[in-house]
Amino acid sequence: MTDDREGRTTTRAVRPYVITGGRAAAAGAPLSWETLVTATGTAAPETLQPEYRMILTHCQGLLSVAEVAAHLGQPPSVVQVLLADLLDWGLILSRPPVPRAERTDVTTLRKVLHGLESRL
């Protein structure tokens, strides 16, 4: 943002430690970046700070912690602290990341591919 009066560049950014109240980590186990979160639909208190409200606005569907951080423009570590607070207050639900699929036998995949090709 440019200040037209003096030609200086200014920002409205708030330091991450101010947003988290000086906390660098959540009280419990941190949420991984792949953890999915969604708002519960419970009414948020009027005194909730803007960052929490923005998270609740974006989390109407399932979003990962990394996606929430991208929407807020904040580092994932800051968002992890905020999400942990919302989780403790019962305003969001979390779901562990989807586990990686185990390796499938290549011969099974080839059989499926040949079966599909024979039908086309």
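Fair warning: this is a prediction, and the values are worked out from it, not measured in the lab. (Residues numbered from 1 in each chain as written. Predicted model: local features only at pLDDT ≥ 70, side-chain atom pairs only at ≥ 80, totals over all residues. Heavy atoms only, no water.)

1. Things to note about the overall build of the chain
Secondary structure assignment for the chain yields 5 helices and 5 strands. Listing each helix as α and each strand as β along the chain from the N terminus yields β-β-α-β-α-β-α-α-β-α. Put simply, the chain has 120 residues, and 28% of those count as buried. Considering only intrachain contacts with a sequence separation of at least 6, the fraction spanning at least 24 residues in the chain is 67%. Accessible surface, the chain: about 8800 Å² in total, of which carbon and sulfur atoms supply 56%. (Helix = DSSP H or I, 4+ residues; strand = E, 2+ residues; numbered from the N terminus. Buried < 20%, exposed > 50% of the residue type's maximum accessible area, 1.4 Å probe, protein only. Contact = heavy atoms within 4.5 Å. Areas by Shrake-Rupley, 256 points an atom, 1.4 Å probe, with all protein chains shown as cover.)

2. A word on helix H4 (residues 76-88)
When the terminal C-alpha atoms of H4 are compared, their 18 Å separation across 13 residues agrees well with the 18 Å that a helix rising 1.5 Å per residue should span. Considered for burial, the residues of H4 that qualify are Val-78, Val-79, Gln-80, Val-81, Leu-82, Leu-83, Ala-84, Asp-85 and Leu-86. One or two residues past the end of H4 sits Gly-90, with phi positive at roughly 80°. (Expected span 1.5 Å × (residues − 1).)

3. Quick look at the sheet that holds strand S4 (residues 63-64)
Spatial ordering of the open sheet is given by S4-S3-S5, a layout of 3 strands whose pairing is antiparallel. Lying at the two open borders of the sheet, with one neighbouring strand each, are S4 and strand S5 (92-95). Pairing geometry for strand S3 (residues 36-39) and S4, over 2 bridges, is antiparallel. Opposite Val-37, over in S4, you have Leu-63 as the bridge partner. Where H4 meets the sheet, its contacts fall on S3 and S5, and the angle it forms with S5 comes to roughly 110°. (Pairing = 2+ DSSP bridges. Axes fitted to C-alpha atoms, helices over the stretch in contact; angles between N-to-C directions.)

4. Some thoughts on the nonpolar core
Among the nonpolar cores identified, the biggest contains 21 residues, and Ile-55, Leu-56, Val-68, Val-79, Leu-83 and Leu-86 are the most heavily contacted of them. Listing elements by their share of this core, those giving two or more residues are S3, helix H2 (50-58), helix H3 (65-72) and H4. Per element, the largest residue contribution to this core is 5 residues, and it comes from H4. Setting aside anything within four residues of it in sequence, one finds Leu-56 in contact with Ala-39, Ala-44, Leu-48, Leu-86, Leu-91 and Ile-92. (Core = buried A, V, L, I, M, F, W, Y, C linked by side-chain atoms within 4.5 Å.)

5. Focus: H3
In an α-helix, one full turn covers 3.6 residues, which means residues spaced three or four apart are oriented alike. Residues Val-65, Val-68, Ala-69 and Leu-72 constitute the buried set of H3. What you see down the axis of H3 is that its buried residues fit within an arc of 100°, all on one side. Packed against the buried residues of H3 are S3, H2, S4 and H4. One or two steps after H3, the chain reaches Gly-73, where phi turns positive at roughly 70°. (Arc of directions from axis to C-beta.)

6. Description of the confidence of the model for the chain
Of the residues in the chain, 79% reach a pLDDT of 70 or more, and the chain-wide mean stands at 81. Averaged pLDDT values for the elements of the chain fall to 48 in strand S1 (residues 2-3) and rise to 92 in S3. (pLDDT = per-residue confidence, 0-100.)

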